[in-house]
Amino acid sequence: MGFFDTAKAAIIGNKAYRVHVDANKIAGEGKPEEAGAKYAEALRLYGESERLGNIAPNVTQGHALLLLREGRTEEAKALLEKMSKNKSLSKDDWFQLRVQYSICLWRLGELDKAMETMGRAAAYKMNGNVYSTFGMYWVDKARRDGDYEAALEFNNQALDYDDEDAATLDNLGQLYYDLTGREPERAAEHRAKALDFFKKAHEAKPRQITTIYYLAKMYHEDGDDARARELLSVRDSLYITAICPVTREMLDALAKEVG
C-alpha cells in the first residue's frame, strides 16, 4: 500500500466516524429512517477505508459496532478476530475489543463465552459500560439457570458504581419483574421494586427501549392502559438495533394488546 492509499484510507475512516456520530445524534432525535440512511453510509465508508488498508483500531471498532447494530453479527465477529492479530494494539484497544467481542458471542447465543470474555475485559478496567453490559448478561444467565441471587448481587454492585445509570436500573427492574412469577409469596414486594427501578430508568433515559417495553407492560397488567399507550406512542420514532433484546415486533404486539 502506497503513501497516498494510506492517506486516503485515513481520510475516509475519519469521515466514516463523523457520519457514524451524526447518525447517533439523528437517531436520538427520533428520526429512525434518516438515521438508518446515515448508518448505511457510515458502514460503506468504514468498509472502503479498510479495503484501502486502514487498520486503525477506532475504525475497526466503529465498523464492528455498526455491523452488530445491523444484525450482521458474524461479520462483526470476523472483523474483531482480524483486529486481534494487529500487534500494535494498546491495552485500551484490547479492552474495547473484548467488550465488543463479548457482545458478538452473546448475540450468537454463546452466553458463557460472552461472560468469560467480558470478565477478561473487566479484569483490566471496570466502567459503566462494562457494568451495564455484564449486568445484562447476568439477567440472561439468571433466566437460563435460575440463579437470581448472583444476578442481583452483580447488578447491585453496578448500582453502587452508578446509581443513575439507566441500563443498570433497567437490569434490576427486569430481575425483580421476573421474580414476581418465581416467588409468588413475595410477588407484591418484587413487583413494587421492579416498578420503581423501571420508573427511575425511564426518568434517567426516556427513550431506552427495554424500559419503555417493560414499564408499559406493567402498566397494562395493572389496568393503566392510558399510561401504557403514552409510553408506547414513541415507538415509531425509535431506532431499534439488533443488539436490543426488545424488538419492534414486541413493541407493536404489546401496543396492539393494550389497544
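Everything discussed here concerns the structure shown above.
Residues numbered from 1 in each chain as written. Predicted model: local features only at pLDDT ≥ 70, side-chain atom pairs only at ≥ 80, totals over all residues. Heavy atoms only, no water.

Enquirer: Sorry, what's going on with the overall build of the protein here?
Expert: Looking only at helices and strands, one finds 13 helices and zero strands in the protein. For the protein, the succession of helices and strands along the chain, N to C, is α-α-α-α-α-α-α-α-α-α-α-α-α. Rg of the C-alpha trace for the protein: 20 Å, near the compact-globule value of 18 Å for 259 residues, within the 12% margin. Taking the principal axes of the C-alpha coordinates as reference, the protein spans close to 70 × 40 × 30 Å. (Helix = DSSP H or I, 4+ residues; strand = E, 2+ residues; numbered from the N terminus. Rg over C-alpha atoms; globule rule 2.2 N^0.38 Å.)

Enquirer: Hey, could you run me through the environment of Gly 71 in this one?
Expert: If you trace the backbone, Gly 71 turns up in the loop between helix 3 (57–69) and helix 4 (73–83). Separated by 132 residues in the primary sequence, Gly 71 and Glu 203 have C-alpha atoms spaced 29 Å apart.

Enquirer: Honestly, the side chain of Gln 208 in this entry has me stumped. Any pointers?
Expert: As for its position among the elements, Gln 208 is in the loop between helix 10 (187–204) and helix 11 (209–221). Leaving out residues up to four positions away in the same chain, Gln 208 has contacts with Ala 166, Ala 167, Asp 170 and Ala 201. (Contact = heavy atoms within 4.5 Å.)

Enquirer: Is there a simple way to think about the pattern of salt bridges in this case?
Expert: Two side chains of opposite charge can pair, provided their charged atoms sit close to one another. The tally for this structure, following the rule as stated, stands at 20 salt bridges. As a salt-bridge pair, Arg 191 and Glu 221 come within 2.9 Å of each other at their nearest N and O atoms. Here the residue Arg 191 occupies a position in helix 10, and Glu 221 occupies one in helix 11, the gap between them amounting to 30 residues. A salt bridge links Asp 252 to Arg 235, with the shortest nitrogen-to-oxygen separation between them at 2.8 Å. (Salt bridge = Lys/Arg side-chain N within 4 Å of Asp/Glu carboxyl O.)

Enquirer: Is there a simple way to explain the environment of Ser 49 in this structure?
Expert: If you trace the backbone, Ser 49 turns up in helix 2 (residues 32–51). Ser 49 sits 35 residues away from Asn 14 along the chain, and the two C-alpha atoms are 8.9 Å apart. With sequence-adjacent residues up to four places away left out, Ser 49 is seen in contact with Ala 9, Ile 12, Gly 13, Asn 54 and Val 59.

Enquirer: Hey, could you run me through the packing of helix 2 against helix 3 in this one?
Expert: For any two helices packed against each other, the geometry is given by the interaxial angle and the distance between the axes. Running from N to C, helix 2 and helix 3 cross one another at 140°; their axes reach a closest spacing of 10 Å. When the axes of helix 2 and helix 3 are compared, the pair comes out oblique. The crossing of helix 2 and helix 3 is left-handed. In this structure, helix 2 uses Tyr 39, Ala 42, Leu 43, Tyr 46, Gly 47, Ser 49 and Glu 50 to contact helix 3, whose residues at the interface are Val 59, Thr 60, Gly 62, His 63, Leu 66, Leu 67 and Arg 69. Residue composition of the contact of helix 2 with helix 3, grouped by class: seven nonpolar, five polar and two charged. (Axes fitted to C-alpha atoms, helices over the stretch in contact; angles between N-to-C directions. Parallel < 35°, antiparallel > 145°, perpendicular 65-115°, else oblique. Left-handed = near helix turned anticlockwise from the far one by under 90°. Nonpolar A, V, L, I, M, F, W, Y, C, P; charged D, E, K, R; others polar.)

Enquirer: What's the story with the side chain of Asn 171 in this structure? I'm lost.
Expert: Mapped onto the elements, Asn 171 comes out in helix 9 (residues 166–182). Its relative accessible area of 5% is what places Asn 171 among the buried residues. Within the structure, Asn 171 has its side chain in polar contact with the backbone oxygen of Ser 132 (distance 3.1 Å). Non-local contacts of Asn 171, meaning those with residues more than four positions away in its chain, are made with Ser 132, Gly 135, Met 136, Val 139 and Asn 155. (Buried < 20%, exposed > 50% of the residue type's maximum accessible area, 1.4 Å probe, protein only. Polar contact = N/O pair within 3.5 Å; in protein donor to acceptor, adjacent residues only side chain to side chain.)

Enquirer: Explain helix 2 here, please?
Expert: Taking 1.5 Å per residue, 20 residues should reach 28 Å; helix 2 reaches 28 Å between its end C-alpha atoms and fits that length. Immediately downstream of helix 2, the backbone of Gly 53 shows phi near 105°, a positive value. (Expected span 1.5 Å × (residues − 1).)

Enquirer: Help me understand helix 11 in this model?
Expert: Since there are 3.6 residues in each turn of an α-helix, residues three or four apart along the chain are aligned in direction. Under the 1.5 Å per step criterion, the end-to-end length of helix 11 is 18 Å for 13 residues, consistent within 8% with the ideal 18 Å. Counting buried positions along helix 11 gives eleven out of 13 residues, so the element sits mostly inside the fold. Contacts from the buried residues of helix 11 go to helix 7 (128–145), helix 9, helix 10, helix 12 (225–232) and helix 13 (248–258). Gly 223 lies just past helix 11 and shows a positive phi near 85°.

Enquirer: Help me understand a negative patch on the surface in this model?
Expert: Negative charge collects at one region of the surface, where Asp 160, Asp 162, Asp 163 and Glu 164 lie side by side. Position of Asp 160 relative to the elements: it lies in helix 8 (residues 148–161). Residue classification places Asp 160 among the exposed positions, given a relative accessible area of 71%. (Patch = residues over 30% accessible without salt bridge, like charges linked within 9 Å, V, L, I, M, F, W, Y side chains within 5 Å. Areas by Shrake-Rupley, 256 points an atom, 1.4 Å probe, with all protein chains shown as cover. Lys, Arg positive; Asp, Glu negative; His and termini not counted. Charge placed at Lys NZ, Arg CZ, Asp CG, Glu CD.)

Enquirer: Can you walk me through the nonpolar core in this structure?
Expert: Note that soluble globular proteins tend to have their nonpolar side chains buried in a common cluster. Ranked by internal contacts, the top residues of the largest apolar core, which has 83 residues, are Trp 106, Phe 134, Tyr 137, Leu 232 and Leu 251. For Trp 106, the residues in contact, after removing those within four places along its chain, are Leu 111, Ala 114, Met 136, Tyr 137, Asp 140, Ile 243 and Pro 245. (Core = buried A, V, L, I, M, F, W, Y, C linked by side-chain atoms within 4.5 Å.)

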